[in-house]
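Working through the structure, step by step
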Amino acid sequence: MTAPRIEIDLHKIRQNTRYLVENLESREITVTGVTKAVCGHPGVAQAMLDGGATDLADARVSNVERLREAGFTCPIAMIRTPMLSQVDRIVHSCDTSYNTEINVIKRLAAAAVLRQTVHNVILMVEMGDMREGILPENLKAIVQQVTKMPGVSLKGIGANFACLSAAAPDAATMTAFSALCSDIEEACGLSLERISGGNSANVPWALGLRSPGRIDNLRLGEAILLGVDPVTGDQIGDLHTDAFTLVAEVIETKVKPGPVDLSFADPDLARPVPDVPCERSIVAIGLQDTDIAGLTLPEGITGLAATSDHFVVRGAVSQLHTGSELKLQMNYSALMRAMSAPEIIKIT
Ligand SMILES: *Cc1c(COP(=O)(O)O)cnc(C)c1O
């Protein structure tokens, strides 16, 4: 079979989704399956829905369009604040978008009116991650504007954590977010249909002993796909951490003298090459394909350095004949880059 390729075990993705859905159900939290790391891969998206995700979300409109072309009719949300240049495509392909800018919402509303439809808006609040979000003190004024605007319907409020800043959401922050949502409902005389509390970094909090308060939804990508908590990298419960395997092929194995001046190489990757002649191999995968530093090699094999198209490794010679295939595990960064690499085929 051709390499490099990603082997995707859809059964494991379905099981991971099911585990999270069932454990969050008792806390009255629904799961939105986030497909951005797999570029809206239809098989993965279907496995998320089969596992009990109520709907889907992605950060790029091209991925949502891929899902629509594949025949998906379920609700799909745009979780990245829409670009003004894409509002019409977003209204056409997404039921809902997460928003932080009133000018964008006005343009979404205008596009929806032209299309004789109503677009749902979830307002993102800044709760400490310092990436996207409306500051809490400005939320009420924006809610009041959105609820008066034809073409859009205020569906809920959301927050995001541990994306830009590394801090995991703590109980106090989540309680403050719940309180803010209740205050807004009271001040504006409305009832929010969805309060989306965050991403995979919220799973330990949501499965903890305390009540999740007003939060009734999480948007989950990494926890479903890789089975880990993005903040600690630890496995969550019994989730599968090997639903994706990157398979790459050895193209050269030779004894070469060392050492090598690796001052050009990415310091996160470069390992000293021994000062004696030793056997080294080249794997046909590189920085253009994936985040090489995010790969886990088979037992007994060490990565030495990588360039755009070559990954130099050494170790267990029996596994490193020309033509041998290496099975590599990927972290989130390696996964999202490999999934978007056109040269890497994806097999389910
Ligand atoms: C990427 C993203 C998610 C999903 O994050 P995971 O860590 O993969 O669960 C959720 N919400 C927003 C706004 C995102 O950008």
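Placed above this text is the structure.
So, here's what we can say about the structure. Not measured: the values here are computed from a predicted model. (Residues numbered from 1 in each chain as written. Predicted model: local features only at pLDDT ≥ 70, side-chain atom pairs only at ≥ 80, totals over all residues. Heavy atoms only, no water.)

Topic: the site of the ligand
So the rule is basically this: Any residue with at least one heavy atom within 4 Å of a molecule or strand is counted as near it. Here a polar contact is recorded for every N or O atom pair within 3.5 Å, except that within protein the pair must consist of a potential hydrogen donor and a potential acceptor, and residues adjacent in sequence are included only if both atoms are side-chain atoms. Note on areas: Shrake-Rupley with a 1.4 Å probe; residue coverage comes only from the protein chains shown.
Around the ligand, the surrounding shell holds 14 residues, and the nearest of these are Lys-36, Ser-200, Arg-219, Gly-221 and Glu-222. Ser-200 is positioned with one of its side-chain polar atoms (N or O) 2.5 Å from an oxygen atom of the ligand. Gly-221 has a polar backbone atom sitting 2.8 Å from an oxygen atom of the ligand. Considering the ligand on its own, with 390 Å² of exposed area, one finds that the protein chains cover 95% of that surface.

Observations concerning the layout of surface pockets
We apply this condition: Throughout, the protein atoms alone are placed on a 1 Å grid, and a set of points is a cavity if a 1.4 Å probe fits but cannot get out or a pocket if it is open with protein on both sides within 12 Å along at least five of seven lines; lining residues have an atom within 4 Å of a point. Grid points are joined across faces, edges and corners, and a volume is the space filled by probe spheres set on the points. Think of it this way: any DSSP run of H or I at least four residues long counts as a helix, any run of E at least two long counts as a strand, and we number them from the N terminus. Residues are grouped as follows: Ala, Val, Leu, Ile, Met, Phe, Trp, Tyr, Cys and Pro are nonpolar; Asp, Glu, Lys and Arg are charged; every other residue, Gly included, is polar.
Space inside the largest pocket adds up to approximately 870 Å³. Looking at the largest pocket, it is lined by 31 residues, and the ones nearest its centre are Lys-36, Arg-131, Cys-163, Tyr-332 and Met-336. Contributions of two or more residues to the lining of the largest pocket are made by strand S9 (217-220) and helix H10 (332-339). When grouped by side-chain class, the residues that make up the lining of the largest pocket number 15 nonpolar, eight polar and eight charged. Volume-wise, the second largest pocket comes out at about 320 Å³. Residue assignment for the lining of the second largest pocket shows that the elements contributing at least two residues are strand S10 (244-256), strand S11 (278-283) and strand S13 (301-306).

Some remarks on the environment of Cys-74
Rules: Any two residues having at least one pair of non-hydrogen atoms within 4.5 Å are treated as being in contact.
Along the chain, Cys-74 turns up in the loop between helix H3 (61-69) and strand S4 (76-78). Considering only alpha carbons, one finds Cys-74 and Leu-56, 18 residues apart in sequence, at a separation of 7.5 Å. The contact partners of Cys-74, leaving out residues within four places of it in the chain, are Leu-49, Leu-56, Arg-68 and Asp-95.

Side note on the packing of helix H5 (residues 102-114) against helix H6 (residues 136-147)
Defined as follows: Here the axes come from fitting lines to C-alpha atoms, over the contacting stretch only for helices, and the angles between their N-to-C directions go from 0 to 180 degrees. Here roughly perpendicular refers to angles of 65 to 115 degrees, roughly parallel to angles under 35, roughly antiparallel to angles over 145, and oblique to all remaining angles.
Between H5 and H6, the least distance of the axes is 11 Å, while the angle of their chain directions is 10°. With respect to each other, H5 and H6 are oriented roughly parallel. Facing H5, whose interface residues are Ile-102, Ile-105 and Lys-106, H6 presents Ile-142, Gln-145 and Val-146. A per-class count over the contact of H5 with H6 returns four nonpolar, one polar and one charged.

Section: helix H2 (residues 42-50)
Selection rule: To sort residues, take the accessible area from a 1.4 Å probe on protein chains only and compare it with the maximum for the residue type: under 20% means buried, over 50% means exposed, and anything in between is partly exposed.
Looking at H2, one finds that the buried residues are Val-44, Ala-45, Ala-47, Met-48 and Leu-49. Remark: Gly-52 follows H2 within two positions and exhibits a positive phi of approximately 110°.

Let's talk about unusual backbone geometry
A cis amide bond links Ala-3 with the next residue in sequence, Pro-4, at an omega value of -5°. By the element assignment, Pro-4 lies in the segment before strand S1 (5-8). Cis rather than trans, the peptide bond between Gly-258 and Pro-259 has omega equal to -10°. Mapped onto the secondary structure, Pro-259 falls in the loop between S10 and S11. Positive phi is not limited to glycine here, since Gln-116 has a value of about 55°.

A closer look at the pairing of strand S14 (residues 311-315)
Defined as follows: Strands are treated as partners if at least two bridges between them are detected by DSSP.
Two strands pair when backbone bridges link them, and S11 and S14 are joined in this way by three bridges, in the antiparallel orientation. Looking at S14, one finds that Val-283 is bridged to Phe-311. Summarising the sheet, S13 and S14 pair through five bridges and their orientation is antiparallel. From the neighbouring strand, Thr-302 faces S14, where its bridge partner is Arg-314. Here S13 folds back onto S14, and the loop between the two strands holds four residues.

Section: helix H1 (residues 10-25)
Every α-helical turn comprises 3.6 residues, leaving residues that sit three or four positions apart pointing alike. Operational definition: How far a helix is expected to stretch is found by multiplying one less than its residue total by 1.5 Å. To be clear, the arc concerns the directions from the helix axis to the C-beta atoms.
Between its first and last C-alpha atoms H1 spans 22 Å; for 16 residues at 1.5 Å apiece the expected length is 22 Å, and the two agree. Within the span of H1, buried status applies to Lys-12, Ile-13, Asn-16, Thr-17, Leu-20, Val-21 and Leu-24. The arc enclosing the buried residues of H1, seen along the axis, measures out at 165°, which places them on a common side. The N-capping residue of H1, defined by a side-chain oxygen 3.1 Å from the backbone nitrogen of His-11, is Asp-9.

A few points about the pairing of S11
Most of S11 is tucked away: five of the six residues are buried. Of the pairings in the sheet, the one linking S10 to S11 comprises six bridges and is antiparallel in character. Paired with Thr-253 across the bridge in S11 is Ser-281.

Observations regarding empty space enclosed by the protein
For the structure on display, the rule yields two cavities of 30 Å³ or more. Of the volumes computed, that of the largest cavity is approximately 70 Å³. Looking at the largest cavity, the residues that line it are Thr-32, Asp-55, Leu-56, Pro-75, Ile-76, Ala-77, Asp-95, Thr-96, Tyr-98, Ile-122, Lys-155 and Arg-194. At the level of elements, strand S3 (55-58), S4 and strand S5 (96-99) are the ones that each hand at least two residues to the lining of the largest cavity.

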